[in-house]
Amino acid sequence: MNQTIAIDGPAGAGKSTIAKRVSNMLGYHYVDTGAMYRTLALALLRAGISEKDEEAVKKILVSTEVRVRYEDSVQHMILNGEDVTHLLRKEEVGDMASRSSALAPVREKLLDLQQQLAESMPVVMDGRDIGTVVVPDALLKIYLTASVAVRAQRRYKELVEKGETPVLPNIEADIRERDERDMNRPIAPLRQAEDAYLVDSSDLTIEEVCDRIIRLFYGALGITIAENAGFCFGVRRAVRMLEESIENGEKPIRTLGPIIHNETVVRSMEEKGVITLKDGASLPTDGKGTVVIRSHGVGPDVSEKLRGMGYQVVDATCPFVQKIHEIVRRESKAGRLIILIGDPAHPENIGTLAWAEGPCISIASAEEAKAMKLPKDARICVVAQTTFDREKFKELVEIIGEKEYDMLVLNTICHATDMRQTEAAALADSVDMMLVVGSRSSSNTQKLYDICKGRCACTSYIQSLDDLVTITFRSDSRVGITAGASTPNNIIQEVAGYVRRAKF
Ligand code: F3S
């Protein structure tokens, strides 16, 4: 089965960066077609032939041998038996390549080589006519683009970093002109193949673009990774903030509790020098270094105390949790008794309750809601733990509502949890097999598993790749993959990669 990924698009859209990353993620070879054109350009320069002399170009091509060799997955270009890879970045070679690549004999000569490579192994290939001309039967075709303004900004930044003084409007004009030329040239013009997916990278990070392409690739193989599988926004943000502290060289760095409920991630952070504290009590009193507050958040007393002790505080509390803190503080100040629906022992709720400036309680069951007795004229504000079950929240609110207090209900359940569960249910309905990836100790992963198992009998709980060994994957099976909020993307990718190899 041809598993080629063809990435085409205009200059400056980030094709080669993305193609390299995607090939690394999949363990595929990256075929740099630009280097091939540069190799032939070098041959023309060495022979002293102008690209305008088409007869001379044709003649030299007959006696020119171009090969590709991979060493440690790095592409080397061999010209007439000589490794010329190190010569291809020279400006004169690039200039000649941009002129000679428009010539039909040059394109024809390289077409054979590119097609042979795509037939001999799984590759990610980028260029301007890969999906339309070179590998029209590629498994996945991507047309990667970005607005002229964004591409110009990227180029401007590159040039400034090189110490040059570019003029932005001039770069924009050059890009427009080049697009026009590439799209209207007579041989292999740049255009989106009919069956190519359009990916606009204007507002996406490199990681987001790669993630989108990888998902499309697996989708083409009958493996669907749920959009909302793995880290939620808040967890991703907290991990990123911790990584930034590490990169900034802040030392020592401590986290108040594990940064997320995933041992692999916590261990890898610890290997980078992060110290995971069980609780605030185990914090030294010297005030040296940085303390990271994880996405669950803490009470205002905790962060104030840390700052008072001299620590630099990185507050990675999820903005959705911060919103509950704000509600609890405001409504308790306004005289309402706070009723937090959620597990009172959960770190998020311990932190949330500490924001109340008046009485507050936490309940988690219908029994507790029924047993609750407050004065008839009580004014209450009901909020929820971000990951609380939506249906159960409704049930408890109804029970409390029957008591006819002056009640303000603010549903603070996080949308991310909801979306993940709804999407997992829909995916489980549409596939033959469902894999739920995450730790057994993660309650949201367990919940996902229960939802999927209820809809797809062939659902498996995957904690590590070892759990996949006993499962048989048929090439025509449709496989769905979802994962709990603390499952890192690389683990989801490893599972998908295993399924791909097992299926084909
Ligand atoms: Fe924040 Fe929702 Fe995740 S509250 S930490 S985005 S589950």
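### A word on the domain arrangement of the chain
The accessible area lost on association of the parts is a frequent measure of interface size. In terms of domain boundaries, the chain breaks down into domain 1 (5–197), domain 2 (233–317), domain 3 (320–413) and domain 4 (417–503). If you average the C-alpha positions of domain 1 and of domain 3, the two centres end up 60 Å apart.

### Quick look at the packing of aromatic side chains
Scanning the model with the defined rule gives four aromatic pairs in all. For the pair Tyr28 and Phe217, a centre-to-centre distance of 5.8 Å together with 90° between the ring planes defines the contact as edge-to-face. Of this pair, Tyr28 sits in the loop between α1 (15–26) and β2 (29–32) while Phe217 sits in helix α9 (residues 206–220), and the two are 189 residues apart along the sequence. Accessibility assignment for this pair places Tyr28 and Phe217 in one class, buried. Put simply, the rings of Tyr28, Phe217 and Tyr218 pair up and form one aromatic cluster. Sitting over the face of the ring of Tyr461, Arg440 holds its NZ or CZ atom 3.9 Å from the ring centroid.

### Section: the packing of α1 against α9
It is the contact of α1 with α9, at a shortest axis distance of 10 Å, that shows an interaxial angle of 55°. Taken together, the axis directions place α1 and α9 in an arrangement best described as oblique. Every pair of crossing elements has a handedness; the one defined by α1 and α9 is right-handed. Contacts between α1 and α9 involve Thr17, Ile18, Arg21, Val22, Met25 and Leu26 on the former and, on the latter, Ile206, Glu207, Val209, Cys210, Ile213, Ile214, Phe217 and Tyr218. A class-by-class count of the residues in the contact of α1 with α9 yields 11 nonpolar, one polar and two charged.

### Quick notes on helix α18 (residues 443–455)
Between its first and last C-alpha, α18 extends 19 Å over 13 residues, near the 18 Å set by a 1.5 Å rise per residue. Of the residues making up α18, those classed as buried are Thr445, Leu448, Tyr449, Ile451 and Cys452. With its buried residues spanning 165° around the axis, α18 presents them on a single face. Away from the buried face of α18 by more than 90 degrees, exposed residues Ser443 and Gly454 are located. Looking at the packing, one finds that the buried side of α18 touches α17 (415–430), β18 (433–437), β19 (459–462) and β20 (479–483).

How each quantity is defined
- Residues numbered from 1 in each chain as written.
- Predicted model: local features only at pLDDT ≥ 70, side-chain atom pairs only at ≥ 80, totals over all residues.
- Heavy atoms only, no water.
- Domains from an automatic or database assignment.
- Phe/Tyr/Trp six-rings, centres within 6.5 Å; stacked < 30°, edge-to-face > 60°.
- Helix = DSSP H or I, 4+ residues; strand = E, 2+ residues; numbered from the N terminus.
- Buried < 20%, exposed > 50% of the residue type's maximum accessible area, 1.4 Å probe, protein only.
- Lys NZ or Arg CZ within 6 Å of the ring centre and 35° of its normal.
- Axes fitted to C-alpha atoms, helices over the stretch in contact; angles between N-to-C directions.
- Parallel < 35°, antiparallel > 145°, perpendicular 65-115°, else oblique.
- Left-handed = near helix turned anticlockwise from the far one by under 90°.
- Contact = heavy atoms within 4.5 Å.
- Nonpolar A, V, L, I, M, F, W, Y, C, P; charged D, E, K, R; others polar.
- Expected span 1.5 Å × (residues − 1).
- Arc of directions from axis to C-beta.

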